[in-house]
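Observations on the model geometry
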Amino acid sequence: SGPEGTSATRRNADILARAALARDPLNVSAVATLGINAQVRGDTVAARHAFAYASMLTRRDYRTQLWAIEDAVERGSSVDALYHYDIALRTHRTAPALLFPVLARAIEVPEVRSSAISLLMQRPPWGNSFLGYLSGSASPAAAGLMTRALLARGYHVPPTAMDNMIGSLVKAGDISLAWQVYTAIHRDASRVASRAPNFTQPGIAASAFDWNPINDGAVSASIDDYGERHMLTFAISSGGDGIVAQQLQYPLPGRYVLTGETVDIHQPPSSRPYWALVCLNGRQLGRVEIVVDGDRGRFSGAFIIPAECSGAWLRLIARPSDALDGVTGSIVTARLQRAGEG
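The paragraphs below set out a description of the structure included in this document.

Cut-off values and rules
Residues numbered from 1 in each chain as written. Predicted model: local features only at pLDDT ≥ 70, side-chain atom pairs only at ≥ 80, totals over all residues. Heavy atoms only, no water. Pairing = 2+ DSSP bridges. Helix = DSSP H or I, 4+ residues; strand = E, 2+ residues; numbered from the N terminus. Disulfide = S-S within 2.5 Å. Buried < 20%, exposed > 50% of the residue type's maximum accessible area, 1.4 Å probe, protein only. Axes fitted to C-alpha atoms, helices over the stretch in contact; angles between N-to-C directions. Parallel < 35°, antiparallel > 145°, perpendicular 65-115°, else oblique. Left-handed = near helix turned anticlockwise from the far one by under 90°. Contact = heavy atoms within 4.5 Å. Nonpolar A, V, L, I, M, F, W, Y, C, P; charged D, E, K, R; others polar. Phe/Tyr/Trp six-rings, centres within 6.5 Å; stacked < 30°, edge-to-face > 60°. Lys NZ or Arg CZ within 6 Å of the ring centre and 35° of its normal.

A few words now on the sheet that holds strand β5 (residues 254-263). On the basis of which strands lie adjacent, the open sheet formed by 10 strands has the order β1-β4-β9-β6-β7-β8-β5-β10-β3-β2 and antiparallel pairing. With one partner strand each, in any of the chains shown, β1 (212-213) and β2 (219-225) form the two edges of the open sheet. Summarising the sheet, strand β6 (residues 274-279) and strand β7 (residues 284-293) pair through 4 bridges and their orientation is antiparallel. Bridge pairing links V278 to Q284 in β7.

Below is the structure:
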């Protein structure tokens, strides 16, 4: 009675199913078979009667739940459809592979998204797995709206899923929604100042709005805990260059000042890393050099961020050095803030 069935095989399946039910009225597989065949023949009334009986017998028959989902969709009832999604996802290990992609597309419809949010607030066991899948789906805007609503209601979205969600939104160019998702958790984040100037950001996962050290072979960077303070420590191979670390800004327009301190950068000016602020459209707004005096260093400079720069990357960028040991050092603090703020 499956998709490859013919009229003849379905008639035979009906005969076998009725015989099975005559022997055992609780044979769910036989009931589901009759229901599927009735639906294929266009007899929706008979199909609903059969699957209602199958559902009364057990909630664990996969075919029954899949039919019930499709029937609820045909009736335009997102609540009923999600009820059966929940049952199928709770009772069948293979269900996520089939149902997660469908549900990820369905939440683009506001009514479905609202019903899905209500369902997830009941904390089903598959909820976090779905949010993890959703963070990499092809519908970042709908996923972001759903995540923002869940966070507003107190749902604990797994940090990795939330950070991946933010990354998908940034990649899609929806930095405003990405910022709304971020600030639903980081309520003290400001559009006129960078975050974690002392590199004391919590957790292992990091969103685009947090410090992101880069490790790509030529550059190795990390945020290290030295007890009383944290630092951004880096090592750049001889001749290597590129981004050492970066943090995305969602700034209000205006004049911004970047200040900070360094330690143990023993390089001439031509091979020291420098700071740059780069708009999402690729326009570089300027650079700030590091000035070194012995083991310690500092930097200070200003940028003008225009209104058309909807987002900008604050980046520490390495320049090539011919030193055999490459370039090493640490950034103790790095603070970008709008002039006159704080």
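Read on for the rest.
In this structure the tally under the stated criterion is 1 disulfide. Paired by a disulfide, C279 and C309 hold their sulfur atoms 2.1 Å apart. Every disulfide takes its handedness from the sign of the S-S torsion; for C279 and C309 that torsion is -120 degrees, giving left-handed. One end of the pair, C279, is in strand β6; the other, C309, is in the loop between β8 (296-305) and β9 (312-318), and 30 residues separate them in sequence. By relative accessible area, which is 4% here, C279 ends up buried. By relative accessible area, C309 is classed as buried at 3%.

To continue, consider the packing of helix α4 (residues 62-75) against helix α5 (residues 78-91). Interhelical geometry of α4 versus α5 gives an angle of 165 degrees and a closest axis separation of 8 Å. Relative to α5, the element α4 is oriented roughly antiparallel. Our pair here, α4 against α5, has a crossing hand that is left-handed. Every residue of α5 that contacts α4 at Y62, Q65, A68, I69, A72, V73 and R75 is listed here: D80, A81, H84, Y85, I87 and A88. Grouping the constituent residues of the contact of α4 with α5 by class yields 9 nonpolar, 2 polar and 2 charged.

Time to look at the packing of aromatic side chains. Counted by the stated rule, this structure contains 11 aromatic pairs. Judged by centre distance (6.0 Å) and plane angle (50 degrees), the rings of W179 and Y250 are tilted. Here W179, found in helix α11 (residues 175-183), pairs with Y250, found in the loop between β4 (242-249) and β5; they are 71 residues apart in sequence, far enough to count as distant. The residues W179 and Y250 share a single accessibility class, namely buried. Taken together, F100, W126, F130 and Y133 form an aromatic cluster joined through their ring pairs. Seen from the ring of Y250, R191 lies directly overhead, with NZ or CZ sitting 3.7 Å from the centre. Looking at R287, its charged tip hangs above the ring of Y274, at a distance of 3.9 Å from the centre.

Everything listed here is a matter of coordinates, which is why it stays silent on function.
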